[in-house]
Amino acid sequence: MRKKLTAVISNYAPRGQQDLNRLVSQIENLVDKVLIVINDDNCTQSRFQNDGHLTITRANLGMNIGAWSEAIQYCDSDSHVIFLQDECTLVDSDFVNAYTKKFADEKVGMIGESLNLKWNLPWEQIRESSLNYKLPYNNNTLCNRVDLYLSCFQAWGIRPGLNGLHLRSLVWAFSAKAIQVIKNFPCGLTKEECIAAEIGVCKLVNQLGFEFTQSSEKPFAFFEHSEWEKHGFHKKLK
């Protein structure tokens, strides 16, 4: 008997619910449970509604990772969990079987659709690369990305590991065992802190003794994302 699979879908209220409703309709009959989390700029106190699927409307903190984290406590303890941005589109309904097979290896704690290979470098090499641009931070003082990210990791109790390789937070799935150990994701308060959280969650998975991996040899094998090219090297040109 296979493990249950819960799907958590994040939505940003100003974009409306067309993408959300489309994705729910694509996957609701393939998974055991669907949770929806809506980030709303005007929300001051979380609201809960259950019209077949539990929907949580919350303050817009931590972007999609913050939304996903909010739902963990409502996921069954014996269920694998897949987290999706509502801009995703299902392209292969066999994702449940594929993810479940990977999680049969207890070393695998996290699966995603797109590895960010540009960051698969030692931190010191990233520090010397074009990825490490400066940005305004704290009263417009300048800070480089590596120092900012490493400081976030330290505040969150996450070891950075040897390199910056990570899974993009477009689709993340966690084994039941891993998500119960993680309990919640770090919450960034700015865009750059949210990128730090994206990397940091992958490093936390390693720190807890699990591995993270891409769902297939090629990116976006089971879900595509409206902003990203299928090859996964960069976003679509606007």
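Right above here is the structure, for reference.
Keep in mind the model is a prediction, meaning the values are calculated, not measured.

To continue, consider the nonpolar core. Grouped together as the largest cluster of nonpolar side chains are 44 residues, with contacts concentrated most on Val8, Phe83, Met110, Tyr149, Trp172, Phe174 and Phe185. Dropping the residues within four chain positions of it, Tyr149 is found in contact with Trp119, Glu192, Ile195, Ala196 and Ile199. Within the second largest apolar cluster, 26 residues are counted, among which are Ala7, Leu20, Val24 and Leu90.

So, on to the environment of His231. On the secondary structure map, His231 appears in the segment after strand E14 (223-225). Taking the C-alpha atoms as reference points, His231 and Lys218, separated by 13 residues in sequence, lie 7.4 Å from one another.

Moving on, we get to the side chain of Ser69. Inspection of the secondary structure puts Ser69 in helix H2 (residues 63-71). Taking relative accessible area as the criterion, Ser69 reaches 13% and is therefore assigned buried. Aside from chain neighbours lying at most four places away, what touches Ser69 is Asn184 and Phe185.

On to helix H1 (residues 18-27), then. Taken residue by residue, H1 has Leu20, Leu23, Val24 and Ile27 as its buried positions. Take H1 and look down its axis: the buried residues cluster within an arc of 105°, on one side only. Its buried side turned inward, H1 meets strand E1 (4-12), strand E2 (33-40), strand E5 (79-85), strand E6 (88-90), helix H3 (95-103) and E14.

Within a sheet, adjacent strands bond to each other through the backbone by hydrogen bonds, running parallel or antiparallel. The sheet built from eight strands is open, its strands ordered E3-E4-E2-E1-E5-E12-E7-E13 with mixed pairing. Edge strands, defined here as strands with exactly one partner in the open sheet, are strand E3 (47-50) and strand E13 (211-214). Sheet twist, expressed as the average angle between the axes of neighbouring strands with direction ignored, equals 20°. Bridge count for E2 against strand E4 (residues 54-59) is six bridges, and the pairing is parallel. Bridged to Ile38 within E4 is Thr57. Packed onto the sheet, H2 meets E1, E2, E4, E5 and strand E12 (171-174) and runs at close to 135° relative to E2. Running over the sheet, H3 touches E1, E5, strand E7 (108-112), E12 and E13 and is turned about 150° from E7.

What counts and what doesn't
- Residues numbered from 1 in each chain as written.
- Predicted model: local features only at pLDDT ≥ 70, side-chain atom pairs only at ≥ 80, totals over all residues.
- Heavy atoms only, no water.
- Core = buried A, V, L, I, M, F, W, Y, C linked by side-chain atoms within 4.5 Å.
- Buried < 20%, exposed > 50% of the residue type's maximum accessible area, 1.4 Å probe, protein only.
- Contact = heavy atoms within 4.5 Å.
- Helix = DSSP H or I, 4+ residues; strand = E, 2+ residues; numbered from the N terminus.
- Arc of directions from axis to C-beta.
- Pairing = 2+ DSSP bridges.
- Axes fitted to C-alpha atoms, helices over the stretch in contact; angles between N-to-C directions.

Any functional reading would require information that these geometric values do not contain.
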